[in-house]
Amino acid sequence: MGAHAFERSVLALAAPQHRVAMRKHHAHLSDEALVALVARGDDDALAELYDRVSRVAYGLALRVLRDERHAEDAVQEAFLQVWRSAATFRAERAKASTWILTLVHRRAVDLVRREERRQAEPLTEDTELAQAPEPTEEAAWLRFERERVQSALSQLPDVQREALELAYYGGFSQSELADRLGVPLGTIKSRMFAGLARLRELLDDSTQEGSWKPEFTS
Amino acid sequence: MEAGVHELTAGYALDALDAAERSAYEAHLAGCAQCQQELESFWTTTEALAVAASGPAPSPALRDRILADVRAEPPQNVIPLESRRRRAAPVLGAVAAVAAVVALVVGLWASDLSSQLDETRAALERQQAAIQTLVDSEAQDVALQTGEGRLVVDSEGFAVLVIGGLPEAPAGKTYEMWIAPGGDIGSASPAGLFAGGDEIAIEPVEGTVEPGDVVAVTIEVAGGVDVPTSQPIAASAPV
């Protein structure tokens, strides 16, 4: 084929294709780029972020609050916070997903600490992770990740696992736990630090073996 | 703060500090690079704990409520795109955008591509170029006439082709991009190679584009050629 075959304008051989839907507009952007757009008031970017993170965000809030309505409130308030403070997000310090989940968790913990009924509840050691939803409707990597974390947690000494789970999933503060468990505050602090550091190590190890995928793709 | 502050980083990452302790820790954190680094690392671990708590999806009504709230609320701390465009001096939003660029570079795309370190490095350099264009507030979107996606062209004429649905190039072949002045593929100049096979390819176009130019893609022998030898399989509208 000679070059003359291509002298025709590209325009002439271009067949119009279906328009890319509006929702796909942001699909190729990373979470951090979406936050940058949110900081400029782009609500479609917020919708895309929500679609990527909401499942984990809601699961986390539900885990802490154990009530669907309260969990939805926590997610809603956290996303409003994202909208209002996106311009202050420091991407050099954390990933956008980490930031959003931190906001959700903080909100859920603040809400659960306010609940009076919780004050009277006995401590339950929270060893079970969330009930698995139908496997067909769950992204494979979410399932993989849950099993990976569960397996890492099971390798921690009991007192460390208990401290991490009651704090992160139960929303108990270190001083609340010291009171409830009847151990010195310093001991709780040490357990929590040692437990989180060990969990980090275990997860790093399993990352090298597995295909951990930290991005919220839908 | 005294010696125990290091341990408080774990409590902070887990949201397990009381309000007073939390404030004190945050005040300390602002000036302590070691704790910042430790916290960043612990947050990765707590994020794994968060992901492990995922369960059923929230009701669709929640999404509607959030978007309705957001749309009803005048942006605060938000620099509207329009006013940014007219402002020459860097403002807070611009700083945030730069910070976002940093995260983009070290962040998510890298992990998708991390099978080979060298490949990742090369890919990161390409992404870095692409990101600068993608986050440029003045960048314009140019539709594709052929192919699914778009061409993003920034104010300096740098362009990024965002294109979906291209299978991996056949053995011994590559995708090659071209800048065709005025849409004339016969006088097109080579503008970079890529392998395809990703759901969405984000490819910085080498060189700069002028108004009226068309960016096109052909399939060529591996290593690329100087003059296109096949029909374009994708082409943008004129820039």
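So, how was this worked out
Residues numbered from 1 in each chain as written. Chains lettered and ligands numbered in written order. Predicted model: local features only at pLDDT ≥ 70, side-chain atom pairs only at ≥ 80, totals over all residues. Pairing = 2+ DSSP bridges. Helix = DSSP H or I, 4+ residues; strand = E, 2+ residues; numbered from the N terminus. Axes fitted to C-alpha atoms, helices over the stretch in contact; angles between N-to-C directions. Buried ≥ 20, exposed ≤ 12 C-beta atoms within 10 Å, placed from the backbone. Core = buried A, V, L, I, M, F, W, Y, C linked by C-beta atoms within 7 Å. Contact = placed C-beta atoms within 7 Å. pLDDT = per-residue confidence, 0-100.

Draft legend 1. Main features of the sheet that holds strand S2 (residues 148-153) of chain B. Residues and elements named next belong to chain B. Overall, antiparallel pairing links the 8 strands, which are arranged S5-S4-S7-S8-S1-S2-S3-S6 in an open sheet. Two strands in the sheet have a free side with no partner beyond their single neighbour: strand S5 (189-194) and strand S6 (200-205). Taking each pair of neighbouring strands and ignoring which way they run, the sheet shows an average axis angle of 25°.

Draft legend 2. Summary view of unusual backbone geometry. Despite not being glycine, A:Arg66 shows a phi value in the positive range, around 55°. Among the structural elements, A:Arg66 can be located in the loop between helix H3 (43-65) and helix H4 (68-85). Phi at B:Asp15 is positive, roughly 55°, even though this residue is not glycine. On the basis of neighbour count, B:Asp15 is assigned to the buried category, with 21 C-beta atoms found within 10 Å.

Draft legend 3. Geometry of the nonpolar core. In this structure, A:Val38, A:Ala57, A:Ala61, A:Val104 and B:Val215 are the most contacted members of the largest nonpolar core, which totals 115 residues. Among the elements that take part in this core, H3(A) stands out by supplying 14 residues, more than any other. The residues touching A:Val38, leaving out its near neighbours within four places in the chain, are A:Ala45, A:Leu46, A:Leu49, A:Val82, A:Trp83 and A:Ala86.

Draft legend 4. Highlighting the pairing of S2(B). Residues and elements named next belong to chain B. Buried residues dominate S2, accounting for 5 of its 6 residues. Pairing analysis gives 4 bridges linking strand S1 (residues 140-146) to S2, with the strands arranged antiparallel. By the bridge assignment for S2, Asp141 is matched with Val152. Taking the residues that link successive antiparallel strands as the turn, the S1-S2 hairpin has 1 residue, and the phi of Gly147 there is positive, at about 100°. Sheet topology places S2 next to strand S3 (residues 159-164); 6 bridges connect them, and they run antiparallel. For Arg150, the partnering residue across the bridge sits in S3 and is Val162. With antiparallel pairing between neighbouring strands as the criterion, S2 and S3 make up a hairpin whose turn holds 5 residues, including Gly157 at a positive phi of roughly 95°.

Draft legend 5. The confidence of the model for chain A, seen in detail. All names here are of chain A. For chain A, the mean per-residue pLDDT works out to 78, and 72% of the residues sit at or above 70. Of all secondary-structure elements in chain A, the lowest mean pLDDT belongs to helix H1 (residues 10-13), at 34, while helix H8 (residues 158-168) reaches the highest, 96. Low pLDDT, under 50, characterises residues 1-23; the stretch is placed with 30 contacts to residues that sit more than four places away or in other chains. Note that residues 125-130 has pLDDT below 50 and, in this model, 15 contacts with residues that lie over four places away or in other chains.

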